[in-house]
Amino acid sequence: MPSAADTRAFLGGARLFRGIAPPELDALGGSLRERGLRKGQVLFREGDPGEELFLVQRGTIVISKGVTGRVEQVLARIGPGDFFGEMALFDRAPRSATVQAESDVTLLVLDRAALARLTEQSPRAAAAFFEALVRVFIERLRASGDLVAEVTRWGLEATGLDIESS
Amino acid sequence: MSPEGVEQPRRAKLELLVRGDDDESFEVRQIGSAAAFIQSRPQRVPDAAFELAEVASRIGPQPRFILKNTRTERFLLLSEPEKFLWEQMDGRRSLQEIATAHVLRYGEFDFDIIPGLMRKLQRAQLLTLTPGSRLRQALARNRRRQMVKMVETALFGLERINLSSRNVQPFFRRLYRWGGFLLFSRVTAVACVLLAIAGLVAGVRLWREADEVVKGFGAHPFWAIVTVKLLFWATIAAHQIVHGLALVHYRRRVREFGFTFLHGLVPTFYVDVTDIFMGGRKARVVTAVSGALVHLVLGSIWFLVALRSPLGSFTQAFAAASGMIQWQAFALALYPFCFIEMDGYHVLVDVLGVPTLKQDALAYAGACLRGAAPRRFTREEALWVGYVLLSTASIGAFIAFNVWLVLRAAS
């Protein structure tokens, strides 16, 4: 079990919490739950309900979306210091992808109530958190655009379809 | 790096997660587009959709070939190696195998020849890269399994069985002269109506005693019905022959007549009646309807035979079941709402002037299910919705009726 100091040090290094001062980080650390996954364990599947954000403390998880039968497209791999599941924290919609542990994993769980507390008790820390979140959103949006382009290019190359001269 | 020192663009890769049989095991595979390309199995259009002719050259020693898409009227000029590759593109061989065959045949390989040919063929709509039917796609996806591969091979084998002739016009002309012309007279039309009425009356009377009639099958009702169905397939030939006679009646040409396994599954006779599209609407409608009338006539005769047979005898049960299946075939052939492009469907689209009704309706239904359908609802969209709903309901009713019939016979 990591100590509070270890957790604070970890959170301070995670880009989502970089702008938050140590006392507020301590308070936030206290409201995070720890959760472990063994290799291969599915955290949640596409379509499951959910309202938590997960921060990877140790190990790697793989995020995938169903394509056909038992085949899924890998959307991203998330390693230590990075996070996922943030969409359900805000829109209450079912999970948009499946998350599975690629190795033994330790996660920190931030739920809606903890986020509400942070916003209420320390608006400055909450603002820093949301700014970091938006920056990551933008990064991921760009990555999604790149993925769409890559998949399209893959399809064209794999079928030999010549769009330019057809 | 290319030989010229210019860096080639990186080939695209997909990262796919393939789940194992249990809940947790999985494997992540990176699939490069190049690997997918050489594993793809290009499939040329069906034989009826193209024509290939050799062009003798007075200058070069190499023969040339003209490939024509008979649907789009587009032409391509192929070299002999390209013709060889075209013949390999049967949907079974991967590009890798095709390239190997090319090397074995010509002792050399130009790496641009296949992509170049495929681009030409795709532009001329002569090539697809996926198997035609959903069943075939599912089989192709699971080709690594031995059993699936065997089923796929069997289907390909059956699909290749095609006993046909393109020189059938003289046969149909003789048949027409020797009495076929009588089918298209007013007397025959009246006789057909009277026979249908007599058959209907007989059918209704038999229906009242249905329980007694089916008892005639004795201890093996299921196999008796299977025999009736097999006998029915033989009458499909008569259906197609009448289509051909109709063509001769309207002075059009029967281009082909034969037997094949449709999609590798359904044994069927067929006749190429495409020349009738050069005739008028009446000719097209008569050609479409006349084939189906064979089932009406045969069904009526079977019902009359059943009515004359001793109650509860095998003859009566067999004749009644045959009459039923013939009338079902008549209704099915002329009923346009069943997702199958049969005679009635062709009449309907001809009358409506919407030759791609089924394809458009299914595309619209798919878009509705995906939530991607346009918001405005025009008459055209109403027609598509109506077609899909009616077809779905009709198929459901047809299956339910047959299941009920077999269960009733078996019990």
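Relevant structure appears above.
Residues numbered from 1 in each chain as written. Chains lettered and ligands numbered in written order. Predicted model: local features only at pLDDT ≥ 70, side-chain atom pairs only at ≥ 80, totals over all residues.

Participant: What is the right way to look at the overall build of chain B in this model?
Facilitator: When helices and strands are tallied, chain B shows 15 helices and 10 strands. Put simply, chain B has 411 residues, and 25% of those count as buried. The contacts in chain B between residues at least 6 apart in sequence include a share of 60% that link residues at least 24 apart. (Helix = DSSP H or I, 4+ residues; strand = E, 2+ residues; numbered from the N terminus. Buried ≥ 20, exposed ≤ 12 C-beta atoms within 10 Å, placed from the backbone. Contact = placed C-beta atoms within 7 Å.)

Participant: Mind showing me how you'd approach the overall build of chain A here?
Facilitator: Summing up its helical and strand segments, chain A has 5 helices and 8 strands in all. Secondary structure elements of chain A, listed N to C terminal, follow the sequence α-α-β-β-β-β-β-β-α-β-β-α-α. Expressed as a percentage of contacts within chain A between residues at least 6 apart in sequence, the contacts between residues at least 24 apart total 71%.

Participant: Explain helix α13 (residues 343-352) of chain B to me, please; I cannot follow it from the model alone.
Facilitator: Given 3.6 residues per turn, any residue in an α-helix points the same way as the ones three and four places further on. When α13(B) is considered as a whole, its buried residues turn out to be Asp343(B), Gly344(B), Tyr345(B), His346(B) and Val347(B). Buried residues along α13(B) sit in contact with α11 (281-308) and α12 (314-334) of chain B.

Participant: Mind showing me how you'd approach unusual backbone geometry here?
Facilitator: Backbone phi values are negative for most residues with the exception of glycine, while trans is the configuration of most peptide bonds. Residue and element names in this part refer to chain B. One non-glycine residue, Gln125, lies in the positive phi region at around 55°. With respect to the element layout, Gln125 can be found in the loop between α4 (113-123) and β7 (127-128). A positive phi angle, near 65°, is found at Phe339, a position not held by glycine. Mapping Phe339 onto the fold places it in the loop between α12 and α13.

Participant: Which parts of the structure should I look at to understand the interface of chain A and chain B?
Facilitator: Accessible area lost when the parts come together is the quantity often used to give the size of an interface. Counting from both sides, the interface comprises 22 residues of chain A and, opposite them, 24 residues of chain B. Of the residues contributing to the side of chain A that touches chain B, the split by class is 8 nonpolar, 8 polar and 6 charged. Relative to strand β1 (residues 13-19) of chain B, strand β5 (residues 71-78) of chain A runs antiparallel, the two being bridged by 3 bridges. Bridge pairing in β1(B) places Val71(A) opposite Val18(B). (Nonpolar A, V, L, I, M, F, W, Y, C, P; charged D, E, K, R; others polar. Pairing = 2+ DSSP bridges.)

Participant: Can you walk me through the sheet that holds strand β4 (residues 61-68) of chain A in this structure?
Facilitator: Sheet strands pair via backbone hydrogen bonds, and the direction of the pair is either parallel or antiparallel. Read from one edge of the open sheet, 6 strands run β2(A)-β7(A)-β4(A)-β5(A)-β1(B)-β2(B), paired in antiparallel fashion. Of all the strands in the sheet, the pair left with one neighbour each is β2 (42-44) of chain A together with β2 (26-32) of chain B. Neighbour-to-neighbour, the strand axes of this sheet turn through a mean angle of 40°, independent of strand direction. As paired elements, β2(A) and strand β7 (residues 98-101) of chain A share 2 bridges and run antiparallel to each other. From the neighbouring strand, Val42(A) faces β7(A), where its bridge partner is Gln100(A). (Axes fitted to C-alpha atoms, helices over the stretch in contact; angles between N-to-C directions.)

These values are about where atoms sit, not about what they do.
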